[in-house]
Amino acid sequence: MRIQLPGIAARASRFASTGLAQPAVGGITELRYNEQPGIMHLLLLPVLQKLSEQSRWQLWLTPAHKLNRSWMQQVGLPLEKSMHITESERFTTVQSMVKALRTGNYSVVLAWIPYEVSDEERLELEMAAEQGESLGLIMRPQSPEQALSGQHKAAKIPQDLFH
């Protein structure tokens, strides 16, 4: 199950604009992407900016790339409330995401997971997000087969946030 982008915006708005220190509920959203200039700024960036209004941190679980700190400063994401961990293995990334979501220390946990998450993993992530009242964003590249078949319409996000 994939939640459409309006779902991400609605959750972020509900989490950040109520004036509450914590969101009312947590959840997981999967965002499939291809690289396309400008889409990051139009789709994901407003969500992250809205969530940065909370006192909680943002956690980025990424592949072996480092976040581009200059880009984060330029677009107004707070470096002092952002944490970055590089991950490389399936088990480690999902389990790190579960642990982070469960703590409630993060408004959002973004994880780059290049494979289809199993039903069991998704359930564990959903439960952890609800427990921690956090938003989990699974970032997953769209496979070339999906792009050619046109079966899945997905958001396209460039990798300009890495260096």
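Structural notes, computed from the coordinates. This is a predicted model, so every value here is computed, not measured.

1. Examining the environment of T29
Here is step 1: The residue T29 is located in strand β1 (residues 27-33) in this model.
Here is step 2: When the C-alpha atoms of T29 and L137 are compared, they prove to be 5.0 Å apart, with 108 residues separating the residues in sequence.

2. Here's the deal with the packing of aromatic side chains
Here is step 1: Here the structure, examined in full by the defined rule, presents one aromatic pair.
Here is step 2: Their ring planes at 15° and their centres at 6.0 Å tell us that W60 and W112 sit as a pair that is stacked. Taken together, the positions of W60 in strand β2 (residues 57-62) and W112 in strand β4 (residues 106-112) put the pair 52 residues apart, joining distant regions of the chain. When sorted by exposure, W60 lands in the same class as W112, which is buried.

3. A short note on the pairing of strand β5 (residues 135-141)
Here is step 1: The buried fraction of β5 amounts to six of the seven residues, a majority that puts the element mostly inside the structure.
Here is step 2: Inspection of the sheet shows β1 paired to β5 by seven bridges, in the parallel sense. Note that in β5 the partner of E30 across the bridge is I138.
Here is step 3: Assessed by its sense of winding, the connection that carries the chain from β4 through helix α6 (residues 119-132) to β5 is right-handed.

4. Remarks on the side chain of E30
Here is step 1: Within the secondary structure, E30 sits in strand β1.
Here is step 2: One polar contact links E30 to R32, side chain to side chain, over a distance of 2.9 Å.
Here is step 3: At a separation of 3.1 Å, a polar atom in the side chain of E30 contacts the side chain of R140.

5. Quick notes on the sheet that holds β4
Backbone hydrogen bonds are what pair the strands of a sheet, in a parallel or an antiparallel way.
Here is step 1: Strand order in the open sheet formed by five strands is β1-β5-β4-β2-β3, with parallel pairing between adjacent strands. The open sheet has two edge strands, β1 and β3 (82-86), and neither has a second partner. If you compare each strand with its neighbour and ignore which way they point, the axes differ by 15° on average.
Here is step 2: Relative to β4, β2 is paired through five bridges, and the arrangement is parallel. By the bridge assignment, W60 is partnered in β4 with L110.
Here is step 3: Taken strand by strand, helix α3 (residues 44-51) contacts β1, β2, β4 and β5, and its axis lies near 145° from that of β4.
Here is step 4: Packed on one face of the sheet, α6 meets β1 and β5 and runs near 125° to β1.

The rules we used
Residues numbered from 1 in each chain as written. Predicted model: local features only at pLDDT ≥ 70, side-chain atom pairs only at ≥ 80, totals over all residues. Heavy atoms only, no water. Helix = DSSP H or I, 4+ residues; strand = E, 2+ residues; numbered from the N terminus. Phe/Tyr/Trp six-rings, centres within 6.5 Å; stacked < 30°, edge-to-face > 60°. Buried < 20%, exposed > 50% of the residue type's maximum accessible area, 1.4 Å probe, protein only. Pairing = 2+ DSSP bridges. Right-handed = clockwise from strand over helix to strand, strands pointing away. Polar contact = N/O pair within 3.5 Å; in protein donor to acceptor, adjacent residues only side chain to side chain. Axes fitted to C-alpha atoms, helices over the stretch in contact; angles between N-to-C directions. Contact = heavy atoms within 4.5 Å.

Any functional reading would require information beyond the geometric quantities listed.
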